[in-house]
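Here are the chains, one letter per residue:
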Amino acid sequence: MEYVYYYRTYYKDEHGKTVPQSKLEQYDLKELEQIRFLKSFKVFNIESCEGIEWTPPPEVNRQNDPIEEVEAILRTMKEPPKIVEVSSEEAYYAPRTDVINMPSIRQFESSAMYYRTLLHECAHWTGHETRLARPGITERIDRASENYAEEELIAELGSHYLCAVIGIDDESMRDVSVGYLDAWIRRLKEDPNMIFRVAPRAQQAAEYILGAPLDECLR
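Described below are features of the structure shown in this document. (Residues numbered from 1 in each chain as written. Predicted model: local features only at pLDDT ≥ 70, side-chain atom pairs only at ≥ 80, totals over all residues. Heavy atoms only, no water.)

## Focus on the overall build of the chain
On a plain count of helices and strands, the chain comes out with eight helices and five strands. Each helix and strand of the chain, placed in order from N terminus to C terminus, yields the pattern β-β-α-β-β-β-α-α-α-α-α-α-α. Across the 219 residues of the chain, 39% fall into the buried class. Expressed as a percentage of contacts within the chain between residues at least 6 apart in sequence, the contacts between residues at least 24 apart total 65%. (Helix = DSSP H or I, 4+ residues; strand = E, 2+ residues; numbered from the N terminus. Buried < 20%, exposed > 50% of the residue type's maximum accessible area, 1.4 Å probe, protein only. Contact = heavy atoms within 4.5 Å.)

So this is what it looks like as structure tokens:
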């Protein structure tokens, strides 16, 4: 028998809500409530146990291939985004450090899913103060705020525009996108004019990445 210890620090905002790890870059940590905890667990080596049948789960290592059309766009951009793999658990854009974190392409259901996600984060990236300077990126915002909702819709629509130009599509990607957009239906019903604010900004984000007007790219 051995002991395994799990230590974690997490933060809460002024409303008592836990701040996701991927969003910490948007906050001044001195203004957040810091909470630390330590847990211990008793563990046993499986080889020391009797009567237990266990098969290790296979590693997620799908043979997804790069999509050259997206890679070419990123290569030819005047100022391409910096893409890193700090966390293998989630994709996110960190405004403070101005980097996009992306897990390995082999962890995604398909190449289309990987690039759809990457393009979503690239759309967020365009909102940096040195680019299109959108409030949802440049300002410190609460996840329940209007700016946060609009920024997420901008990134999602922006990625759809880009996928349409490049020709990226598969069934799993459509299912995820529909579920994602369904989460914002309530806000759209409360504020029908939101789509008229969001759609042009999503188009601007896509055009910034493409380096050309969207209508020319769709011809």
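So that's the structure; there's more coming.
## Here's the deal with the packing of helix 2 (residues 111-125) against helix 4 (residues 146-166)
Contact pair helix 2 / helix 4: the axes reach a minimum separation of 8 Å and the direction vectors enclose 125°. Viewed along their axes, helix 2 and helix 4 adopt a mutual orientation that is oblique. The chirality of how helix 2 crosses helix 4 is right-handed. Contacts between helix 2 and helix 4 involve Arg-116, Leu-119, His-120, Ala-123 and His-124 from the former and Glu-151, Glu-152, Ala-155, Glu-156, Ser-159, Leu-162, Cys-163 and Ile-166 from the latter. (Axes fitted to C-alpha atoms, helices over the stretch in contact; angles between N-to-C directions. Parallel < 35°, antiparallel > 145°, perpendicular 65-115°, else oblique. Left-handed = near helix turned anticlockwise from the far one by under 90°.)

## Description of the pattern of salt bridges
Counted by the stated rule, this structure contains eight salt bridges. A salt bridge links Glu-68 to Arg-75; the shortest N-O distance between them is 2.4 Å. Here Glu-68 falls in the partly exposed class, since its relative accessible area comes to 43%. (Salt bridge = Lys/Arg side-chain N within 4 Å of Asp/Glu carboxyl O.)

## Overview of the packing of aromatic side chains
Counted under the stated rule, the structure contains three aromatic pairs. Ring geometry for Tyr-114 and Tyr-115: centres 4.9 Å apart, planes at 90°, overall edge-to-face. Pair check on accessibility: Tyr-114 and Tyr-115 agree, each one buried. Aromatic side chains Trp-125 and Tyr-208 sit 5.9 Å apart centroid to centroid with 70° between the ring planes, which places their arrangement in the edge-to-face category. A residue pair is termed long-range when its members are at least 10 positions apart, and Trp-125 in helix 2 and Tyr-208 in helix 7 (residues 194-210) qualify at 83 residues. Three or more aromatic residues joined by ring pairs make a cluster, and in this case those are Phe-108, Tyr-114 and Tyr-115. (Phe/Tyr/Trp six-rings, centres within 6.5 Å; stacked < 30°, edge-to-face > 60°.)

## Let's talk about the sheet that holds strand 4 (residues 92-94)
Strand order in the open sheet formed by three strands is 3-5-4, with mixed pairing between adjacent strands. The open sheet has two edge strands, strand 3 (82-84) and strand 4, and neither has a second partner. Neighbour-to-neighbour, the strand axes of the sheet open up by a mean angle of 30°, direction not taken into account. Two strands pair when backbone bridges link them, and strand 4 and strand 5 (residues 99-101) are joined in this way by three bridges, in the antiparallel orientation. The residue bridging Tyr-93 from the neighbouring strand is Ile-100, located in strand 5. (Pairing = 2+ DSSP bridges.)

## Section: the nonpolar core
For soluble globular proteins, the rule of thumb is that nonpolar side chains tend to be buried together. Within the largest apolar cluster, 27 residues are counted, with the highest numbers of intra-cluster contacts made by Val-70, Ile-100, Tyr-114, Tyr-115, Leu-118, Leu-119 and Ile-168. A total of eight residues in this core trace back to one element, the largest contributor, which is helix 2. Residues within four places of Leu-119 in sequence aside, it is in contact with Val-70, Ser-159, Leu-162, Cys-163, Ile-166 and Ile-168. Counting residues in each nonpolar core, the second largest holds seven residues, with Ala-149, Leu-153, Ile-154 and Met-194 among its members. (Core = buried A, V, L, I, M, F, W, Y, C linked by side-chain atoms within 4.5 Å.)

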